[in-house]
Structures are given as C-alpha cells and as structure tokens.
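# Fold and contact review
These are the residues of each chain, in order.
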Amino acid sequence: ARLRMNLIPYLVGLGAEATRTGLPLMRAMALGFPGDPVATAIDDQYLLGPDLLVAPVSEPGRSSRRVYLPDGAWSDFWTGDPVPSGWVTAPAPVDVIPAYIRGGASIPLWMPQAVALGAKVGLPDAGDGRLVLMVTPGTCESLISDPTTGRTWAAAAELMGDDIRICTADAPGGVDLWLRDGTGGSRLVPLPAGDSDLRIGPEAE
C-alpha cells in the first residue's frame, strides 16, 4: 500500500495515457514486445506502463522465480542494480515482488523527506510529500505527470562515460533527481526548473 502511494505520479501519468490512447496500465508482455517470441508467450509477468516490468510470485512457498527481460538495458527496481537481459533468477522474499525498470526510464515518485521505496507518505492533494524522479540511464524519454498540478513534462537520461546526462523540458521547481549507484547507496540532486541539460559526475569518495 505504501509503495502504491510512492508510485502515484507514475500511475497518474499512465491514467492520462490510457485516456488519450486506450493503452491499459497493466500490459501483457506481447503488447510491449510484439517482436519477441519468448515475451509474447509469457503470461505470468506483465508491464506496468511502458517502463516497469513486474513478475509476481504466484506459487506458495517460493522465495525466488525466473523472470524474462527482453533485449535492452534493465535495472532492479528495488536496488538499482543493472540486470542483463534474458532469463534471470529473481529473489522474492515475502515482502518483495520482483520488478525491473527499462533502461532510460525516469520514474516519478511521491516521497516524504526520507527517500526510500515503501516510505509512508500522505496524499498529494494534502501537500504531504514531494515529487522525486528516479533516474535510470538509457535511450528512451519519459513523460512525467505532476499529481499536484496536472502538468506534464519530459525527462531523459543517458550515460556518458562515468557521468549521467539529464535533459528535461518544462520541469517544475522543487524536484529532486534520485540517483542510485546499484550498491544500495543513493543521492539526491536538485533539478532546475524549466529546460535543463545537466551532466552529473560520480559522487566524490
């Protein structure tokens, strides 16, 4: 329930997309990857919008499961670790659903001051929380919906050597980029309002 609250900005954006295009929030793998014969045959994992792949555990007593990640860059939603495409074995303790972010996606999250997945936060219209952008370098652009204002703006991230380049268009003020290093560490970087082209280097030791 808390994770769902964190994902409200992402879900709001998906709802707007569904209204505009008819695409559902939960999507069969065949819808996202029609040219991949392995993906089209899978019926026990799905896409939540274009950028999150979810693989529920549906058998009692299981603490892991096999997950298929189509060709491309992926990272673990919970840890930020890069994950190779193809078949992987995902740990699945009782409180974690295996989930992965498509490379290049920027996932908007509603967070309290302490930024962590599953952190308790109030409703956006109550002013209790703030918008944070989880950044995953890659090649695609994401449209971000602000649940407090209804504004939509664009963000894209790519790796340039050891740096991350972040480009945004018409971003609101007061948003932090959430950069994760894949080892459990993370840092927040303020995002300028409006249009920006940032190049962010590795965190100093």
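Along each chain, the written sequence defines residue order, and numbers are assigned to residues from 1. Note on the predicted model: pLDDT of at least 70 is required for a residue's local features to be given, and 80 or more for side-chain atom pairs to be given and counted; whole-chain, interface and lining totals, by contrast, use all residues. Each side-chain value is derived from all of the structure's non-hydrogen atoms; neither hydrogens nor water enter the calculation.

## Regarding the sheet that holds strand β10 (residues 130–135)
- Any two strands between which DSSP finds at least two bridges are classified as paired. The helix and strand labels rest on DSSP assignments: H or I over at least four residues marks a helix, E over at least two residues marks a strand, and numbering proceeds from the N terminus. Read from one edge of the open sheet, 4 strands run β9-β10-β14-β15, paired in mixed fashion. One side of each edge strand has no neighbouring strand; the edge strands of this open sheet are β9 (106–111) and β15 (186–191). Between one strand axis and the next, the sheet turns through 30° on average, direction left out of account.
- We call two residues contacting when some pair of their heavy atoms lies within 4.5 Å. Where helices are involved, their axes are fitted lines through C-alpha atoms of the stretch in contact, as for all axes, and angles between N-to-C directions lie from 0 to 180°. Helix-sheet contacts for helix α2 (residues 8–21) involve β9 and β10, and the interaxial angle to β9 is about 125°.

## Description of the sheet that holds strand β8 (residues 99–102)
- An order of β1-β2-β3-β8-β5-β6 is seen for the 6 strands of this open sheet, with the pairing classed as antiparallel. The sheet terminates laterally at β1 (26–28) and β6 (82–83), the two strands that pair on one side only.
- The pairing of strand β5 (residues 74–76) with β6 spans 2 bridges and is classified as antiparallel. Bridge pairing in β6 places Trp 74 opposite Val 83.
- Along the sheet face, α2 touches β1, β2 (46–48) and β3 (52–54) and points at about 100° away from the line of β2.

## A short note on the nonpolar core
- The term nonpolar core refers to a set of buried residues drawn from Ala, Val, Leu, Ile, Met, Phe, Trp, Tyr and Cys, joined through side-chain atoms within 4.5 Å. Accessibility here uses a 1.4 Å probe with only protein chains present; expressed as a share of the type maximum, an area under 20% marks a residue as buried, one over 50% as exposed, and anything in between as partly exposed. One finds Leu 52, Phe 77, Ile 107, Leu 109, Met 134 and Trp 178 to be the most contacted residues of the largest nonpolar core, which totals 18 residues.
- Secondary structure elements with two or more residues in this core: α2, β3, β8, β9 and β10.
- In terms of residue count, β9 provides more of this core than any other element does, 3 residues in total.
- In this view, Leu 52 contacts Leu 7, Tyr 10, Tyr 46, Leu 47, Phe 77, Tyr 100, Ile 101 and Ile 107; residues no more than four positions away in its chain are not counted.

## Quick word on α2
- The end-to-end C-alpha separation of α2 is 20 Å, in line with the 20 Å expected for 14 residues at 1.5 Å each.
- Those residues of α2 that fall on the buried side of the exposure criterion are Ile 8, Pro 9, Tyr 10, Gly 13, Leu 14 and Glu 17.
- Within two residues after α2, Gly 22 carries a phi angle of roughly 90°, on the positive side. In a helix, the anticipated span is given by 1.5 Å times the number of residues less one.

## A closer look at unusual backbone geometry
- A positive phi is found at Asp 170, a non-glycine position, where the angle reads about 60°.
- Relative to the elements of secondary structure, Asp 170 occurs in strand β13 (residues 163–171).

## Re the side chain of Gln 45
- Along the polypeptide, Gln 45 turns up in the loop between α4 (37–40) and β2.
- By relative accessible area, which is 3% here, Gln 45 ends up buried.
- Any N or O atom pair separated by 3.5 Å or less is treated as a polar contact, with the protein-specific requirement of one donor-capable and one acceptor-capable atom, and with residues adjacent in sequence counted only for side-chain atom pairs. Separated by 2.7 Å, the side chain of Gln 45 and the backbone oxygen of Tyr 68 make a polar contact.
- Discounting residues that sit within four places of it in the chain, Gln 45 has contacts with Met 29, Leu 53, Val 54, Ala 55, Pro 56, Arg 65, Val 67 and Tyr 68.

## Observations concerning the packing of aromatic side chains
- Note on ring pairs: Phe, Tyr and Trp rings are taken, using the six-membered ring of Trp, and paired if centres are within 6.5 Å. Classes follow the plane angle, with under 30 degrees stacked, over 60 edge-to-face and the rest tilted. Across all of its chains, the model carries 3 aromatic pairs by this definition.
- When the ring of Tyr 68 is compared with that of Trp 87, the centres are 5.3 Å apart and the planes differ by 55°; the resulting orientation is tilted. Of this pair, Tyr 68 sits in strand β4 (residues 64–69) while Trp 87 sits in strand β7 (residues 86–91), placing them 19 residues apart in sequence.
- With relative accessibility at 43%, the residue Trp 87 sits in the partly exposed group.
- Aromatic pair Phe 77 and Trp 78: ring centres 5.5 Å apart, planes at 70°, arrangement edge-to-face.
- Residue class for Trp 78 comes out partly exposed when judged on its relative accessible area of 30%.

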